[in-house]
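# Coordinates in review
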Amino acid sequence: MSEVAHGADLHQALSRHTAFRRFVPQSALPSGTAYEQFIFDTGTVPTRANAHDFFNGLCWITFPQTKKRLNELQAAEIAKAGVQNSRGPVRDALTLFDENAAFLLAPQAIWDALEARDWKRLFVDLRPLWAEAQLVLFGHALLEKLLNPRKPITAHVYQASPAGGSIPELDAWVAASLSADRLAGKPFLPLPVLGVPGWWPENENFSFYDDSFVFRPRTQNNP
């Protein structure tokens, strides 16, 4: 995106990198129109000149099928219930996925330890097994937060198992797996991403994981 560094408008720079979706200035979104509905109706994405929307644009370019599917599901929920003060469980889950999801392709032992919130097993005992895992960040708010890395930054991880390992294959698999019913069940697990081996030098010292404010045990109130 060197165009932006040289003064190009963000929405124009993003549009030049994909034929799948056109980006427009935020001013194109009419007052009172839901953002998701506008995208669904027009095929265009209102974009502000900031980091949040920059990463959103990159996600549209990199994961076009998944972003399209999320937008379709948002539009379907709006068609059923309109735009309410409360989004409801499906739209809440869709927003959470869109903003903060990451995709984990990993041996089952890693997923089981994550589900149990057994952080010592996940990050210390199973550390060599992470060489067989792939964690792919998706949520644009998550990417924005990592501009200023902090230990508590947590992704909502979605278990992925596509046939191949490429990003387009992953995109197609995730898009095909998403439904309103599945998302209403919030099929994610919290993962402090800077705890992942190789992602942050400080986690080479295993005392990094002793911080119970970040690496919290699984409880009835923290399922």
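Provided above is the structure to which this section pertains.
Described below are features of the structure shown in this document. (Residues numbered from 1 in each chain as written. Predicted model: local features only at pLDDT ≥ 70, side-chain atom pairs only at ≥ 80, totals over all residues. Heavy atoms only, no water.)

### A closer look at the overall build of the protein chain
Helix and strand counts for the protein chain come out as eleven helices and six strands. Taken over the C-alpha trace, the protein chain has a radius of gyration of 19 Å; the compact-globule value for 223 residues is 17 Å, and the two agree within 12%. Projecting the C-alpha coordinates of the protein chain onto the three principal axes gives extents of approximately 50 × 45 × 35 Å. Sorting the 223 residues of the protein chain into buried and exposed places 45% on the buried side. Looking at the protein chain alone, contacts between residues at least 24 apart form 66% of all its contacts between residues at least 6 apart. (Helix = DSSP H or I, 4+ residues; strand = E, 2+ residues; numbered from the N terminus. Rg over C-alpha atoms; globule rule 2.2 N^0.38 Å. Buried < 20%, exposed > 50% of the residue type's maximum accessible area, 1.4 Å probe, protein only. Contact = heavy atoms within 4.5 Å.)

### A few points about the nonpolar core
Leu114, Leu122, Phe123, Leu135, Val157 and Leu191 are the most contacted members of the largest nonpolar core, which has 28 residues in total. Of all the elements in the fold, those that place two or more residues in this core are β3 (101–105), α7 (108–115), α8 (119–125), β4 (134–137), β5 (154–159) and β6 (189–192). The element that contributes the greatest number of residues to this core is α7, accounting for four residues. For Val157, the contacting residues outside a window of four places in its chain are Ala102, Leu104, Trp111, Leu114, Leu135, Pro187, Phe188, Leu189 and Leu191. Formed by 20 residues, the second largest nonpolar core is a distinct cluster that contains Phe63, Val90, Leu94 and Phe188. (Core = buried A, V, L, I, M, F, W, Y, C linked by side-chain atoms within 4.5 Å.)

### Section: the packing of aromatic side chains
For any pair of aromatic rings, the description consists of the separation of the ring centres together with the inter-plane angle of the planes. Under the criterion given, the structure shown has 18 aromatic pairs. Summarising the aromatic geometry, the rings of Phe123 and Phe215 are spaced 6.1 Å apart at their centres and angled 75° between planes, so their arrangement reads as edge-to-face. Of this pair, Phe123 sits in helix α8 while Phe215 is found in the segment after β6, placing the two residues 92 residues apart along the sequence. Neither residue differs from the other here; Phe123 and Phe215 are each classed as buried. (Phe/Tyr/Trp six-rings, centres within 6.5 Å; stacked < 30°, edge-to-face > 60°.)

### A look at the sheet that holds β4
As a general point, the strands of a sheet are linked pairwise by backbone hydrogen bonds and lie either parallel or antiparallel. Reading across the sheet, the four strands line up as β4-β3-β5-β6 and stay open at both edges, with mixed pairing between neighbours. With one partner strand each, in any of the chains shown, β4 and β6 form the two edges of the open sheet. Pairs of neighbouring strands in the sheet enclose a mean axial angle of 40°, with direction left out of account. Helix-sheet contacts for helix α6 (residues 88–100) involve β3 and β5, and the interaxial angle to β3 is about 75°. (Pairing = 2+ DSSP bridges. Axes fitted to C-alpha atoms, helices over the stretch in contact; angles between N-to-C directions.)

### Some remarks on helix α4 (residues 51–62)
End to end, α4 covers 16 Å across twelve residues, agreeing with the expected 16 Å (1.5 Å per residue, within 8%). All of the buried residues in α4 are His52, Asp53, Phe55, Asn56, Gly57, Cys59 and Trp60. (Expected span 1.5 Å × (residues − 1).)

### Notes on the pairing of β3
Along any regular strand, the residues point their side chains to alternate faces of the sheet. Taking burial as the measure, the five residues of β3 include five buried ones, the bulk of the element. Because side chains alternate across β3, one face comprises the buried residues Ala101, Phe103 and Leu105, and the other comprises Ala102 and Leu104, equally buried. As paired strands, β3 and β5 are joined by four bridges and run parallel to one another. Bridge pairing in β5 places Phe103 opposite Tyr158. Bridge count for β3 against β4 is four bridges, and the pairing is antiparallel.

### Description of the pattern of salt bridges
Side-chain pairing between opposite charges can occur once the charged atoms of the two side chains come close. Inspection of every chain in the model, using the stated rule, returns nine salt bridges. Here Glu72 ties to Arg69 by a salt bridge, and the two come within 3.7 Å at their closest N and O atoms. Taken together, the residues span about one helical turn, with Glu72 and Arg69 both in helix α5 (residues 64–81) at a distance of three residues. The salt bridge partner of Glu204 is Arg127, with a shortest N-O separation of 3.6 Å. Remark: Arg127 occurs in the loop between α8 and β4 and Glu204 occurs in the segment after β6; sequence separation between them is 77 residues. (Salt bridge = Lys/Arg side-chain N within 4 Å of Asp/Glu carboxyl O.)

### Some points on the side chain of Asn203
In this fold, Asn203 is placed in the segment after β6. If sequence neighbours within four positions are ignored, Asn203 has contacts with Arg127, Leu194, Gly195, Val196, Pro197, Gly198, Phe208 and Tyr209.

### Observations concerning the environment of Leu191
Looking at the element boundaries, Leu191 is found in strand β6. Once the C-alpha coordinates of Leu191 and Ala155 are considered, the two residues, 36 residues apart in sequence, prove to be 5.2 Å apart. Leu191 has contacts with Leu114, Trp119, Leu122, Phe123, Leu135, Ile153, Thr154, Ala155, Val157 and Val196, leaving out every residue within four places of it along the chain.

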